[in-house]
Amino acid sequence: MSGAVTLGSRVPRRHHRGRAIPGEPPLCSAAMHPEQMLRHLRAANALARRAVDAGHHPFGALLVAPDFETVLLEQGNVDAVNHAEAVLARNAAQRFEPSLLWQCTLVTTVEPCAMCAGTQYWAHIGRLVYGLSERQLLQITGAHPENPTLDLPCREVFARGQKALQVHGPFAEVEMEIADLHRRFWKAR
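To keep things clear, this report deals only with the structure shown in the data block. Note that the structure is predicted; figures quoted are calculated from it, not measured.

1. Describing the packing of aromatic side chains
Under the criterion given, the structure shown has two aromatic pairs. Aromatic side chains Tyr121 and Trp122 sit 5.3 Å apart centroid to centroid with 90° between the ring planes, which places their arrangement in the edge-to-face category. Judged by centre distance (4.8 Å) and plane angle (90°), the ring pair of Phe185 and Trp186 falls under edge-to-face. The residues Phe185 and Trp186 share a single accessibility class, namely buried. A cation over an aromatic ring shows up here: Lys163 above the ring of Tyr121, its NZ or CZ 4.5 Å from the ring centre.

Okay, structure coming up:
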């Protein structure tokens, strides 16, 4: 994990029904380049493999700084209620100011479930990049008792809030890599 970066104190953007409140700075319009997204998604998948090696479900997440390069936090899955994304978002909210988090990106192997999307929203992390959709995960796991997947896209969860988070995913370039790890894991359970 790379060290934290110190950035200027920007006030987070507040929204009402997806619109910015006048006078508040917007989410930085710069975008993570697709090659950066894919590199971070592969790093998150390596974390997911390490989570499996440690006896956990195959999910991994990173918190990437506003420079789109520096990894501030890494997290593998812990258990059925401590998903990688939710644990990472809670830790980030304790360690960093909301103004910094609003400019950061949560990168995760699989689209966040409703719990994780809500935790990201409340932690004030402004961007999301994910590799495999929740619906694709559901097709892999089916009705597995250890992963009763919710078929609820994170975009729908975020659309009910007052903040306009940026969401990028799924990515066909890494779907197979991520799906293969899940197929092997859930088939062996």
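2. A closer look at the environment of Thr109
In this structure, Thr109 sits in strand S5 (residues 105-110). Given a relative accessible area of 0%, Thr109 falls into the buried group. Taking the C-alpha atoms as reference points, Thr109 and Ile178, separated by 69 residues in sequence, lie 6.7 Å from one another. Apart from residues no more than four positions distant in its own chain, Thr109 is found in contact with Leu41, Ala44, Asn45, Ala48, Pro58, Phe59, Gly60, Tyr130, Gly131, Leu132 and Ile178.

3. Focus on unusual backbone geometry
Residue Pro170 follows Gly169 across a cis peptide bond; omega there is -5°. For His124, which is not glycine, the phi dihedral falls at a positive 75°. Along the polypeptide, His124 turns up in the loop between helix H4 (114-123) and strand S6 (127-132).

4. Considerations on the sheet that holds S6
Consider a sheet: its strands pair through backbone hydrogen bonds, and that pairing is either parallel or antiparallel. Reading across the sheet, the five strands line up as S4-S3-S5-S6-S7 and stay open at both edges, with mixed pairing between neighbours. Because the sheet does not close on itself, it has two edges, and the strands there are strand S4 (71-76) and strand S7 (166-168). Neighbour-to-neighbour, the strand axes of this sheet turn through a mean angle of 15°, independent of strand direction. Sheet analysis places strand S3 (residues 60-64) next to S5, joined by four bridges and oriented antiparallel. Bridge pairing in S5 places Val64 opposite Thr105.

5. Thoughts on the nonpolar core
In terms of nonpolar packing, the biggest core is built from 47 residues, with Leu63, Phe96, Ile125 and Phe158 touching the most fellow members. With sequence-adjacent residues up to four places away left out, Leu63 is seen in contact with Thr70, Val71, Leu72, Leu73, Leu88, Ala92, Phe96, Leu101, Cys104, Thr105, Leu106 and Ile125.

6. Some thoughts on the packing of helix H2 (residues 84-95) against H4
Angle between the axes and distance between the axes are the two parameters that describe a pair of packed helices. Closest axis-to-axis distance for the H2/H4 pair is 8 Å, and the angle between their directions is 15°. With respect to H4, the axis of H2 lies roughly parallel. Classified by chirality, the crossing of H4 by H2 is left-handed. Where H2 approaches H4, its residues Glu85, Ala86, Ala89, Arg90 and Ala93 are matched on the opposing element by Cys116, Thr119, Gln120 and Ala123. When the residues that make up the contact of H2 with H4 are grouped by side-chain class, the tally is five nonpolar, two polar and two charged.

The rules behind the values
Residues numbered from 1 in each chain as written. Predicted model: local features only at pLDDT ≥ 70, side-chain atom pairs only at ≥ 80, totals over all residues. Heavy atoms only, no water. Phe/Tyr/Trp six-rings, centres within 6.5 Å; stacked < 30°, edge-to-face > 60°. Buried < 20%, exposed > 50% of the residue type's maximum accessible area, 1.4 Å probe, protein only. Lys NZ or Arg CZ within 6 Å of the ring centre and 35° of its normal. Helix = DSSP H or I, 4+ residues; strand = E, 2+ residues; numbered from the N terminus. Contact = heavy atoms within 4.5 Å. Pairing = 2+ DSSP bridges. Axes fitted to C-alpha atoms, helices over the stretch in contact; angles between N-to-C directions. Core = buried A, V, L, I, M, F, W, Y, C linked by side-chain atoms within 4.5 Å. Parallel < 35°, antiparallel > 145°, perpendicular 65-115°, else oblique. Left-handed = near helix turned anticlockwise from the far one by under 90°. Nonpolar A, V, L, I, M, F, W, Y, C, P; charged D, E, K, R; others polar.

Structural measurements only, silent on function.
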